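An overview of the molecular structure
Okay, here's what each chain looks like letter by letter:
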Amino acid sequence: MDPATVIGLLLAFGSVIAMVSLEGASLSALLLPAPMILVFGATLAVGIAGNTLKDVVQAFKALPKMFLGKTAKPQESIDQMVRFAEKARSEGLLSLEEEAASVKDPFLARALQNIADGTDAEDLRMLMEDEIDSKSRSDHANSKFFASLGGYAPTVGIIGTVVSLTHVLENLSTPDHLGPMIAAAFVATLWGLLSANFIWLPFSARMARLSELDIERMTLLMEGMLSVQSGAQPLLLAERLRAMVPEHQLKSSGSGGKKAAGADKSDRMDEAA
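Residues numbered from 1 in each chain as written. Predicted model: local features only at pLDDT ≥ 70, side-chain atom pairs only at ≥ 80, totals over all residues. Heavy atoms only, no water.

Quick look at a nonpolar patch on the surface now. Residues Ile 17, Leu 27 and Leu 31 make up a contiguous nonpolar surface patch of roughly 240 Å² in combined accessible area. Counting through the fold element by element, Leu 27 comes out in the loop between helix 1 (4-22) and helix 2 (33-49). (Patch = residues over 30% accessible without salt bridge, like charges linked within 9 Å, V, L, I, M, F, W, Y side chains within 5 Å. Areas by Shrake-Rupley, 256 points an atom, 1.4 Å probe, with all protein chains shown as cover. Salt bridge = Lys/Arg side-chain N within 4 Å of Asp/Glu carboxyl O. Helix = DSSP H or I, 4+ residues; strand = E, 2+ residues; numbered from the N terminus.)

Structure (structure tokens):
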């Protein structure tokens, strides 16, 4: 689990609470049920109105993964591709069928099974690219839904303020109550801006970033599996895949990478002899 979202939200709301406390104001003055119901309820309502029900359900189903999902570790995928390449070179492509039954990633399992079944390289690339594209479009729809909520919320907050100020104007004959009523009116605008920038837009950005990392991982696996199918040398395969990944996302080479490099050097020495 990557705690960035939880940490960020806690710091953001904590900053607001700290400001309210330092100003000597009461936090209860901001937790008014009426404007909060309007802002959150109406924002969700117009967000649902602008999408299909399936899109909405799918977007909310993606929330647990947003909080609990693990970020991709490219080096682990590279080490895995090197291991497959070593096995394919020593035991043949048909041996990858055993790996297909043991890997947990359905995308990778299907690729291994297709290679073991003798699927043509171009057909395999097409199948994997189509699956990556489908994943990308689904993730984009989830991110777009929460981005739309972030766009609606501030305007809904302003609507709530206008409605409340209308009520204030109806009570000009009671000036003693105007101050609290005006203050309460602007709470709707506050929650509109706060929910957009502290909740909906960060949710959208987080989903988009996790999707980017997942698509990068799937692309790395696709290129790796196609190289394994073509009989690429493990060391050269590892070097090529590492070149596809930003340096800051790579950790130092593990034992798997070193073993692959050693095995490939031995192969070259044997060939030279």
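Below, the discussion takes up the nonpolar core. In terms of nonpolar packing, the biggest core is built from 30 residues, with Met 81, Phe 84, Leu 108, Leu 112 and Met 225 touching the most fellow members. When residues in this core are grouped by element, the largest group, eight residues, is from helix 9 (residues 178-229). Here Met 225 is in contact with Met 81, Phe 84, Leu 108, Ala 111, Leu 112, Ile 115 and Met 128, once residues within four sequence places are set aside. One finds Ala 59, Ala 62, Leu 63 and Ile 199 within the second-largest nonpolar core, a separate group that totals 15 residues. (Core = buried A, V, L, I, M, F, W, Y, C linked by side-chain atoms within 4.5 Å. Buried < 20%, exposed > 50% of the residue type's maximum accessible area, 1.4 Å probe, protein only. Contact = heavy atoms within 4.5 Å.)

Taken as a whole, this structure holds ten aromatic pairs when the rule is applied. Judged by centre distance (5.2 Å) and plane angle (75°), the ring pair of Phe 145 and Phe 146 falls under edge-to-face. Each member of the pair, Phe 145 as well as Phe 146, is classed as buried. Here the aromatic rings of Phe 146 and Phe 203 are separated by 5.9 Å at their centres, their planes lie at 80°, and the arrangement is edge-to-face. (Phe/Tyr/Trp six-rings, centres within 6.5 Å; stacked < 30°, edge-to-face > 60°.)

Moving on, we come to helix 10 (residues 234-243). Residues of helix 10 that are buried include every one of Pro 234, Leu 235, Leu 237, Ala 238 and Leu 241, and no others. What you see down the axis of helix 10 is that its buried residues fit within an arc of 160°, all on one side. (Arc of directions from axis to C-beta.)

Caution applies to low-pLDDT parts of the model: their predicted coordinates are not meant to be read in detail. Here the protein chain shows a mean pLDDT of 86. Residues at 70 or above account for 88%. Of all the helices and strands in the protein chain, helix 11 (residues 255-272) carries the lowest mean pLDDT, 43, while helix 3 (residues 53-61) carries the highest, 95. Counted against residues more than four places away or in other chains, residues 252-273, with its pLDDT under 50, gives 17 contacts. (pLDDT = per-residue confidence, 0-100.)

As a packed pair, helix 3 and helix 8 (residues 121-169) sit with axes 9 Å apart at the nearest point and diverge in direction by 95°. Comparing their axes, helix 8 and helix 3 come out roughly perpendicular. Along the contact surface, helix 3 presents Asp 55, Val 56, Gln 58, Ala 59 and Phe 60, while helix 8 presents Asn 142, Phe 145 and Phe 146. Class assignment of the residues belonging to the contact of helix 3 with helix 8 gives a composition of five nonpolar, two polar and one charged. (Axes fitted to C-alpha atoms, helices over the stretch in contact; angles between N-to-C directions. Parallel < 35°, antiparallel > 145°, perpendicular 65-115°, else oblique. Nonpolar A, V, L, I, M, F, W, Y, C, P; charged D, E, K, R; others polar.)

It is worth spelling out the environment of Thr 166 at this point. Take Thr 166: it is sitting in helix 8. Residue classification places Thr 166 among the partly exposed positions, given a relative accessible area of 41%. Measuring from C-alpha to C-alpha, the distance between Thr 166 and Ala 185 comes to 9.3 Å, with 19 residues separating the pair along the chain. Among the polar contacts made by the side chain of Thr 166, one reaches the main-chain carbonyl oxygen of Val 162 at a distance of 2.8 Å. (Polar contact = N/O pair within 3.5 Å; in protein donor to acceptor, adjacent residues only side chain to side chain.)

Along the polypeptide, Glu 98 turns up in helix 6 (residues 96-102). In this structure the C-alpha to C-alpha distance between Glu 98 and Leu 112, which are 14 residues apart in sequence, comes to 8.9 Å.

In this fold, Asn 142 is placed in helix 8. In the structure, Asn 142 is positioned 79 residues away from Leu 63 in sequence and 9.2 Å away in space, judged by C-alpha atoms. Those residues within four positions of Asn 142 in sequence are excluded, and the remaining contacts are Asp 55, Gln 58, Ala 59, Ala 62 and Met 207.

As a further point, take helix 5 (residues 74-91). Relative to the 26 Å expected for 18 residues at 1.5 Å per residue, helix 5 spans 26 Å between its end C-alpha atoms, a close match to the ideal helical length. For helix 5, the complete set of buried residues consists of Pro 74, Gln 75, Ser 77, Ile 78, Asp 79, Met 81, Val 82, Phe 84, Ala 85, Lys 87 and Ala 88. Just past helix 5, the residue Gly 92 takes up positive phi, approximately 95°. (Expected span 1.5 Å × (residues − 1).)

As a further point, take the side chain of Ser 143. Of note, Ser 143 is situated in helix 8. Exposure remark for Ser 143: the relative accessible area of 9% places this residue in the buried category.

Let us look at the layout of surface pockets. In this structure, the largest pocket spans a volume of roughly 830 Å³. Taken together, 29 residues line the largest pocket, and the ones lying closest to its centre are Lys 70, Thr 71, Ala 72, Asp 214 and Arg 217. Within the residue set of the lining of the largest pocket, elements represented by two or more residues are helix 4 (63-68), helix 5, helix 8 and helix 9. If you tally residues by element for the lining of the largest pocket, the top one is helix 9, at seven residues. Residues that form the lining of the largest pocket fall into these classes: ten nonpolar, eight polar and eleven charged. (1 Å grid on protein atoms, 1.4 Å probe; cavity = no way out; pocket = protein on both sides within 12 Å on 5 of 7 lines; lining within 4 Å. Points joined across faces, edges and corners; volume = space filled by probe spheres on them.)

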